[in-house]
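So you can see what is in the structure, the chains are spelled out below.
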Amino acid sequence: MGMWKVLHIGKEDRLPGWLYRLVSHSDVYESTDTIEEGLKKLKEQKFDLVIIGIDRFHDAVKHKIREIALASNPNVDIIYAKQIQSSSGGMGFYYNASQVEDVAFNSKFWGIAETQDFLSLIEGVGMTSHTASLTIISGNSTGVIYFRTGNVVHAEVNGIKGKEAFTEMVSWKGGIYFVEEGMEPPEVTIDSSIDSLLLEIISKIEERNNPYDKFIKILMMELPADIRWGIVVREGEIVSRVGENIDETVVKHVKGFMDRLADVIGEVSHANLECEDYWVTARRLTSDTFVMVAFQGNPFIVDYVLAKNLEKYGVPAAEIIESSSPMELPFEEFEEPR
Amino acid sequence: MPTLEEKVEQIVDTLGTLRDVRGVAIANTDGFVIASKFFASDISDEKFAGMVSESVSYYKRIMDEVGAGRVKSAIVEGENGKIALIVVGDFIVIILGGPDLNLGLARSTLQEAAKDLE
């Protein structure tokens, strides 16, 4: 076996530790920070591996480093190295030199982008309007999302396919990804635009995180009145809301009002407040949770419908909340209004 | 022409005839009780007056925050009783009832009785 000779052109401290240890144990290891010096060394001897810092790319191309190294040894491996600093630490990347030059002088882009937002990643790939696959490795899972003309048409992860797989991947907090253009989906399992898909998934995630969101939306649809706003309050905090904005101090005062009256009439189950512009009604769901609705209409009819709907949805919601973590809520138990 | 004091007494008496009424009070919007009548021995005058005063204060704050305009009325149900109140000018008329108090009737009687205060 012959001698193994390595030439590094670039700042030595930018080589990852493991690579430095590897190459520094070569039979011959030369390192230089300048292209001129690198050229000189290339002309002096044959190298088996040439590592060029990618920040020296233009100088390397200008001085035909690749051609000179190949002329000296046709079997030489030439790679560009890049150490990327990111919020999660540094990562080293190594590219075949001929491919880097090919990409750099052609009408396409290739690279690495860090994002902390999965949805931005999806939108970014979708915006290209290309047919491509996006592979994401996260934790113990690897998922693939396929795009056709910019729309998501298929997703697969852990044996799950379609929207369910896509939803699973949306919940991932991080991972490494790569996009491969021209990859055709093995099948089509998703048939909606990227915007409506994202909207649907976000809505599902929000509902999963907060079951009262769905609950209050259903209530609002059922009530026979012009609803201004509706909220669910748990332990004094608004946990779900629909309609116009409402200041949280209102909740504090309503709670104070109900608590104060409780001294005389026991735990308040229901309060109807009439004011000039609309009615505000509050009904208790559990000991620490109540629903409040502001509306214009007949308060007695609204109250009747509200009470009926609380019987229908309120008890399961309260039981689920008390027995499960928000991420494990079985939404199927909510019956959609007919 | 009856005096304000006589009107108040008359309203309290009228409201007191409703079924399962345990107390009636008329307070000003600052929460000071002007007149009251109790039919339940388990609630003290002071406790009811304090409740009226504080709840009026909360009620006003709610309406200020919600920005829904002038306060008109409220009905509240608890596990042991019910409350109906109406705001007329500078007065708040409050009925405290037991579980059998008909809130719809209480509200309409309040509205009728309160006309004399306008």
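Quantities reported herein were computed from a predicted structural model and do not represent experimental measurements.

Topic: the overall build of chain A
Link 1 in the chain: For chain A, the count of helices and strands is 11 helices and 15 strands.
Link 2 in the chain: Within chain A, the proportion of its 338 residues that are buried is 31%.
Link 3 in the chain: Across chain A, contacts joining residues at least 24 apart in sequence account for 56% of those joining residues at least 6 apart.

Quick word on the packing of helix H2 (residues 35-44) of chain A against helix H4 (residues 65-72) of chain A
All names here are of chain A.
Link 1 in the chain: Put simply, H2 and H4 touch, their axes get as near as 10 Å, and they point 15 degrees apart. Judged on the interaxial angle alone, H4 and H2 are roughly parallel. Taken as a pair, H2 and H4 cross one another with a handedness that is left-handed. Between H2 and H4, the residues in contact are Ile35, Gly38, Leu39 and Leu42 and Ile65, Ile68, Ala69 and Ser72, respectively.

Considering the interface of chain A and chain B
Link 1 in the chain: On the chain B side, the residues contacting the 29 residues of chain A number 31 residues.
Link 2 in the chain: Every element with two or more residues in the side of chain A that touches chain B is listed here: helix H10 (248-265) and strand E13 (268-275) of chain A.
Link 3 in the chain: It is H10(A) that contributes the most residues to the side of chain A that touches chain B, 12 residues altogether.
Link 4 in the chain: The residue makeup of the side of chain A that touches chain B, split by class, is 15 nonpolar, seven polar and seven charged.
Link 5 in the chain: When E13(A) meets strand E3 (residues 71-78) of chain B, the two strands line up antiparallel, connected through seven bridges. Residue A:Leu273 lies in a different strand from E3(B), and its bridge partner there is B:Ala74.

Observations regarding the pairing of strand E11 (residues 226-234) of chain A
All names here are of chain A.
Link 1 in the chain: Summarising the sheet, E11 and strand E15 (residues 289-296) pair through eight bridges and their orientation is antiparallel. For Arg234, the partnering residue across the bridge sits in E15 and is Thr289.
Link 2 in the chain: In this sheet, strand E12 (residues 237-243) lies alongside E11 in antiparallel orientation, the contact comprising six bridges. Its bridge partner lying in E12, Val232 is registered against Ser240.
Link 3 in the chain: Here E11 folds back onto E12, and the loop between the two strands holds two residues, one of which, Glu235, carries a positive phi near 50 degrees.

Focus on the nonpolar core
The tendency in soluble globular proteins is for nonpolar side chains to be buried side by side.
Link 1 in the chain: B:Val93, B:Ile94 and B:Ile95 are the most contacted members of the largest nonpolar core, which has 73 residues in total.
Link 2 in the chain: For this core, the element with the highest residue contribution is H10(A), accounting for eight residues.
Link 3 in the chain: Setting aside residues no more than four positions away along its own chain, B:Val93 makes contact with B:Ile11, B:Ile26, B:Leu85, B:Ile86, B:Val88, B:Leu110, B:Ala113 and B:Ala114.
Link 4 in the chain: Formed by 19 residues, the second largest nonpolar core is a distinct cluster that contains A:Val23, A:Phe47, A:Ile65 and A:Ala81.

Some remarks on the packing of helix H7 (residues 163-170) of chain A against helix H8 (residues 194-209) of chain A
Residues and elements named next belong to chain A.
Link 1 in the chain: Contact geometry for H7 and H8: axes closest at 10 Å, N-to-C directions at 65 degrees. For the element pair H7 and H8, the recorded crossing hand is right-handed. In contact with Phe166, Thr167 and Val170 of H7, H8 contributes Ile201, Lys204 and Ile205.
Link 2 in the chain: Looking at the contact of H7 with H8 residue by residue, the classes come out as four nonpolar, one polar and one charged.

Thoughts on helix H9 (residues 211-222) of chain A
An α-helix turns once every 3.6 residues. As a result, residues three or four positions apart point the same way.
Link 1 in the chain: The terminal C-alpha atoms of H9(A), which comprises 12 residues, lie 17 Å apart, in line with the 16 Å expected from a rise of 1.5 Å per residue.
Link 2 in the chain: Among all positions in H9(A), only A:Pro211, A:Tyr212, A:Lys214, A:Phe215, A:Ile216 and A:Leu219 are buried.

With respect to the confidence of the model for chain A
Link 1 in the chain: Here chain A shows a mean pLDDT of 81. Residues at 70 or above account for 90%.
Link 2 in the chain: Low confidence marks residues 315-338 of chain A, where pLDDT is under 50. Its contacts with residues over four positions away, or in another chain, come to 27 contacts.

Some remarks on the sheet that holds E3(B)
Consider a sheet: its strands pair through backbone hydrogen bonds, and that pairing is either parallel or antiparallel.
Link 1 in the chain: As summarised here, the arrangement of the 10 strands in space is E12(A)-E11(A)-E15(A)-E14(A)-E13(A)-E3(B)-E4(B)-E5(B)-E1(B)-E2(B), forming an open sheet in which the pairing is antiparallel. Both edges of this open sheet fall to E12 of chain A together with strand E2 (33-38) of chain B, since each of them pairs with a single strand only. Across the sheet, the mean angle separating the axes of adjacent strands is 10 degrees when strand polarity is ignored.
Link 2 in the chain: Bridge count for strand E14 (residues 279-286) of chain A against E15(A) is seven bridges, and the pairing is antiparallel. Bridging from a neighbouring strand, A:Ala282 pairs with A:Met292 of E15(A).
Link 3 in the chain: Packed onto the sheet, helix H3 (residues 103-114) of chain B meets E3, strand E4 (82-88) and strand E5 (91-97) of chain B and runs at close to 25 degrees relative to E4(B).

Focus on the environment of A:Ser141
All names here are of chain A.
Link 1 in the chain: Looking at where Ser141 falls in the secondary structure, it is placed in strand E7 (residues 141-148).
Link 2 in the chain: In this structure Ser141 comes out as partly exposed when scored by C-beta crowding, with 13 C-beta atoms within 10 Å.
Link 3 in the chain: A sequence separation of 28 residues divides Ser141 from Met169, and the C-alpha atoms of the two residues are 9.2 Å apart.
Link 4 in the chain: In this structure, Ser141 is in contact with Val157 and Asn158, ignoring residues within four places of it in sequence.

Calculation rules
Residues numbered from 1 in each chain as written. Chains lettered and ligands numbered in written order. Predicted model: local features only at pLDDT ≥ 70, side-chain atom pairs only at ≥ 80, totals over all residues. Helix = DSSP H or I, 4+ residues; strand = E, 2+ residues; numbered from the N terminus. Buried ≥ 20, exposed ≤ 12 C-beta atoms within 10 Å, placed from the backbone. Contact = placed C-beta atoms within 7 Å. Axes fitted to C-alpha atoms, helices over the stretch in contact; angles between N-to-C directions. Parallel < 35°, antiparallel > 145°, perpendicular 65-115°, else oblique. Left-handed = near helix turned anticlockwise from the far one by under 90°. Nonpolar A, V, L, I, M, F, W, Y, C, P; charged D, E, K, R; others polar. Pairing = 2+ DSSP bridges. Core = buried A, V, L, I, M, F, W, Y, C linked by C-beta atoms within 7 Å. Expected span 1.5 Å × (residues − 1). pLDDT = per-residue confidence, 0-100.

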